[in-house]
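# Breakdown of the fold
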Amino acid sequence: MRARLQAFRKRAVQTVRLCCGVPDYEVYVKHLREHHPERKVPSYAEFFRERQEARYKGGGGRCC
């Protein structure tokens, strides 16, 4: 039961972040490792800063 609640909480947090325009860092890291293994994985702070700049400066949002 506890595992189900934790999974629900994780999905709820992810949904709220996506609604606010903040992609999930874990999903981003997984994507980088699967599709762009040559790239360095940024820290969370670097990831967050880059996402904010892309969102508010109109610098594009997707790589694929």
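As a convention, each chain's residues are numbered from 1 in the sequence order in which they are written. Note on the predicted model: pLDDT of at least 70 is required for a residue's local features to be given, and 80 or more for side-chain atom pairs to be given and counted; whole-chain, interface and lining totals, by contrast, use all residues. Calculation of side-chain values draws on the structure's entire complement of heavy atoms; hydrogens and water are dropped beforehand.

## Observations regarding the overall build of the chain
Helix numbering and strand numbering both begin at the N terminus, where a helix is a DSSP run of H or I of at least 4 residues and a strand a DSSP run of E of at least 2. Within the chain one finds 3 helices and 0 strands. The order of helices and strands in the chain, counted from the N terminus, is α-α-α. The buried label applies to any residue whose accessible area, calculated with a 1.4 Å probe on protein chains only, is under 20% of its type's maximum; exposed applies above 50%, and partly exposed to all values in between. With 64 residues in all, the chain has 16% of them scored as buried. When contacts within the chain are restricted to residue pairs at least 6 apart in sequence, those whose partners lie at least 24 apart make up 31%. When checking whether two residues touch, look at their non-hydrogen atoms; a contact exists if any pair is within 4.5 Å.

## A look at the packing of aromatic side chains
Stacked, tilted and edge-to-face pairs are distinguished by plane angle, under 30 degrees for stacked and over 60 for edge-to-face with tilted covering the rest, among Phe, Tyr and Trp rings (Trp via its six-membered ring) whose centres lie within 6.5 Å. For the structure shown, the criterion picks out 5 aromatic pairs. Considering the side-chain rings of Tyr-44 and Phe-48, the 6.2 Å spacing of their centres and the 25° angle between planes classify their relative orientation as stacked. Linking Tyr-44 with Phe-48, this pair stays in helix 3 (residues 44-57), spanning 4 residues, or about one helical turn. What makes Phe-48 partly exposed here is its relative accessible area of 35%. Clustering of aromatic rings is evident, with ring pairs tying together Tyr-25, Tyr-28, Tyr-44, Phe-47 and Phe-48.

## Comments concerning the pattern of salt bridges
A pairing counts as a salt bridge when a side-chain nitrogen of Lys or Arg comes within 4 Å of a carboxyl oxygen of Asp or Glu. Counting across every chain of the model gives 3 salt bridges. Close ionic contact of Lys-10 with Glu-26 constitutes a salt bridge, the shortest N to O distance being 3.3 Å. With Lys-10 in helix 1 (residues 2-19) and Glu-26 in helix 2 (residues 25-35), the pair connects residues that are 16 residues apart, well separated along the chain. The partner of Arg-51 in a salt bridge is Glu-50, and the shortest N-O contact between them spans 2.7 Å. Classification of Arg-51 as buried rests on a relative accessible area of 15%.

## Here we look at the confidence of the model for the chain
What pLDDT conveys is the predictor's confidence in a given residue, as a value from 0 to 100. Looking at the chain as a whole, the pLDDT averages 85, with 89% of positions reaching at least 70. Put simply, helix 3 is where the chain has its lowest mean pLDDT, 87, and helix 2 is where it has its highest, 92.

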